[in-house]
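Summary of structural features
The lines below spell out each chain.
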Amino acid sequence: MDKLPKIGLPILIGVIILVILIAKSAVTIGPGEGGVLFEPFGDGINTERTYGEGFHIVAPWNDMIVQKVRQQSISDNMNVLSVNGLDITVSGTIWFEPEYKNLGKLIQTKGEDYIRELLSPAINAAAKSVVGRYTPEQLYSSKRDIIELEILEEVRKELDGQFVNVKRVLVENVKLPTTIKDAIERKLKQEQESLEYEFRLVTAKKEAEKVIIEAQGKADANRILSASLTDKILQDKGIEATVKLSESPNSKVIVIGSGDSGMPIILGNQ
């Protein structure tokens, strides 16, 4: 009986060590994440395999480095200079995701904090390069979509071969000095008013042309009609009118002859 405590203590210690080893060896990778193995007694980061979502058992002396591999976004405010040297603040968002198969290479070459070490500097460099090609007015108004595409292209060039895919760039706001902004807004308002005035002039001109064309058409129709009314036609029309009048029950018409033009001479109508 005295030997039981002596035997039980090593067993208890062994169980505790086993539990610790199991806890150390068990790794759960969450949704949208990937893992790479760091082998301190091997070659360091294992770049040949990326572990997917779920439960994994690894050697207790190895470490599993877990990173998000789904699409992510970061937003930033960048101070840049326009083509004429004005200080401009650009607010933007970029969507990106690390290359799943190359997650180990990304961490090995750029570290776990690759967003700060790699991505943010690339975005700032691209924004400065692109914004520096445009005037404040272009940045403030019509060039926003073109600027987004150019920044996206520049970022992709900066990150070529760096194991990060950039999906989209969105320029959310361009903050200009107040005096420049007010001047641009006044100019845009004047341009809009000028366009509206030109539109009214064009509309009025078209309406006037329409009236002239209609009047000309009526004049041409009357001229053609007058030219077609010969003496024979007038005589026939007069006879036709006289016949209709004589057929009326309340009318009494006496025709006594016709004039030189052939029109009937009516003696009376009651």
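Figured I'd write up the structure that's included with this text. (Residues numbered from 1 in each chain as written. Predicted model: local features only at pLDDT ≥ 70, side-chain atom pairs only at ≥ 80, totals over all residues. Heavy atoms only, no water.)

1. A few points about the packing of helix α3 (residues 114-131) against helix α5 (residues 144-158)
Between α3 and α5, the shortest axis-to-axis distance is 8 Å and the interhelical angle comes to 135°. For the element pair α3 / α5, the angle class is oblique. The chirality of how α3 crosses α5 is right-handed. The segment α3 lies against α5, with A122, I123, A125, A126, A127, S129 and V130 engaging I147, E150, I151, E154, V155 and E158. When grouped by side-chain class, the residues that make up the contact of α3 with α5 number nine nonpolar, one polar and three charged. (Axes fitted to C-alpha atoms, helices over the stretch in contact; angles between N-to-C directions. Helix = DSSP H or I, 4+ residues; strand = E, 2+ residues; numbered from the N terminus. Parallel < 35°, antiparallel > 145°, perpendicular 65-115°, else oblique. Left-handed = near helix turned anticlockwise from the far one by under 90°. Contact = heavy atoms within 4.5 Å. Nonpolar A, V, L, I, M, F, W, Y, C, P; charged D, E, K, R; others polar.)

2. Observations regarding the sheet that holds strand β6 (residues 72-81)
One open sheet accounts for three strands, arranged β6-β7-β8; its pairing is antiparallel. Strand pairing shows two members of the sheet lacking a second neighbour, β6 and β8 (164-175), which therefore form its edges. Strand-to-strand twist across the sheet, computed as the mean angle between neighbouring axes with direction ignored, equals 25°. Lying on the sheet, α3 is in contact with β6, β7 (87-98) and β8; it crosses β6 at an angle near 45°. Running over the sheet, α5 touches β7 and β8 and is turned about 145° from β8. (Pairing = 2+ DSSP bridges.)

3. Details of the pairing of strand β2 (residues 33-39)
Across six bridges, β2 lies against strand β5 (residues 63-68) in antiparallel orientation. Bridging from a neighbouring strand, V36 pairs with I65 of β5.

4. Considerations on the environment of V131
Tracing the backbone shows V131 in helix α3. For the pair V131 and L81, spaced 50 residues apart in the sequence, the C-alpha separation amounts to 6.9 Å. When residues no more than four places from it in sequence are discounted, the contact partners of V131 are V80, L81, S82, V83, V90 and L139.

5. Overview of the sheet that holds strand β3 (residues 44-45)
Spatially, the three strands line up as an open sheet ordered β3-β2-β5, and their pairing is antiparallel. Unpaired on one side and paired on the other, β3 and β5 mark the two borders of the sheet. Across two bridges, β2 lies against β3 in antiparallel orientation. Residue F38 lies in a different strand from β3, and its bridge partner there is I45.

6. Some words on empty space enclosed by the protein
By the definition in use, this model includes one cavity of 30 Å³ or more. Approximately 100 Å³ is the volume found for the largest cavity. Around the largest cavity sit 14 residues that line it, and M78, G92, T93, I123 and V169 are the ones nearest its centre. Those elements that provide at least two residues to the lining of the largest cavity are β6, β7 and β8. In terms of residue count, the dominant contributor to the lining of the largest cavity is β7 (five residues). Split into classes, the residues belonging to the lining of the largest cavity amount to nine nonpolar, four polar and one charged. (1 Å grid on protein atoms, 1.4 Å probe; cavity = no way out; pocket = protein on both sides within 12 Å on 5 of 7 lines; lining within 4 Å. Points joined across faces, edges and corners; volume = space filled by probe spheres on them.)

7. So, α5
Here α5 is 15 residues long and its end C-alpha atoms lie 21 Å apart, about the 21 Å a rise of 1.5 Å per residue gives. In this structure, the buried side of α5 is in contact with β7, α3, α4 (136-140) and β8. (Expected span 1.5 Å × (residues − 1).)

8. Topic: α3
Its 18 residues give α3 an end-to-end C-alpha distance of 25 Å, which sits within 8% of 26 Å, the value for a rise of 1.5 Å per residue. Buried within α3 we find Y114, L118, L119, A122, I123, A126, A127, V130 and V131. (Buried < 20%, exposed > 50% of the residue type's maximum accessible area, 1.4 Å probe, protein only.)

9. Brief notes about the nonpolar core
By size, the foremost hydrophobic cluster in this structure holds 36 residues, and its most contacted members are I151, L159, V164 and V166. Of all the secondary-structure elements, those providing two or more residues to this core are β6, β7, α2 (103-110), α3, α5 and β8. For this core, the leading source of residues is α3, giving nine residues. Among residues more than four places away in sequence, those in contact with V164 are F96, E97, P98, E99, L106, Y114, L118, L119 and L159. Residues V27, I29, L37 and Y51 belong to the second largest nonpolar core, which totals six residues. (Core = buried A, V, L, I, M, F, W, Y, C linked by side-chain atoms within 4.5 Å.)

10. Quick notes on unusual backbone geometry
The phi torsion at F163 lies on the positive side, around 70°, for a residue other than glycine. With respect to the helices and strands, F163 occurs in the loop between α5 and β8.

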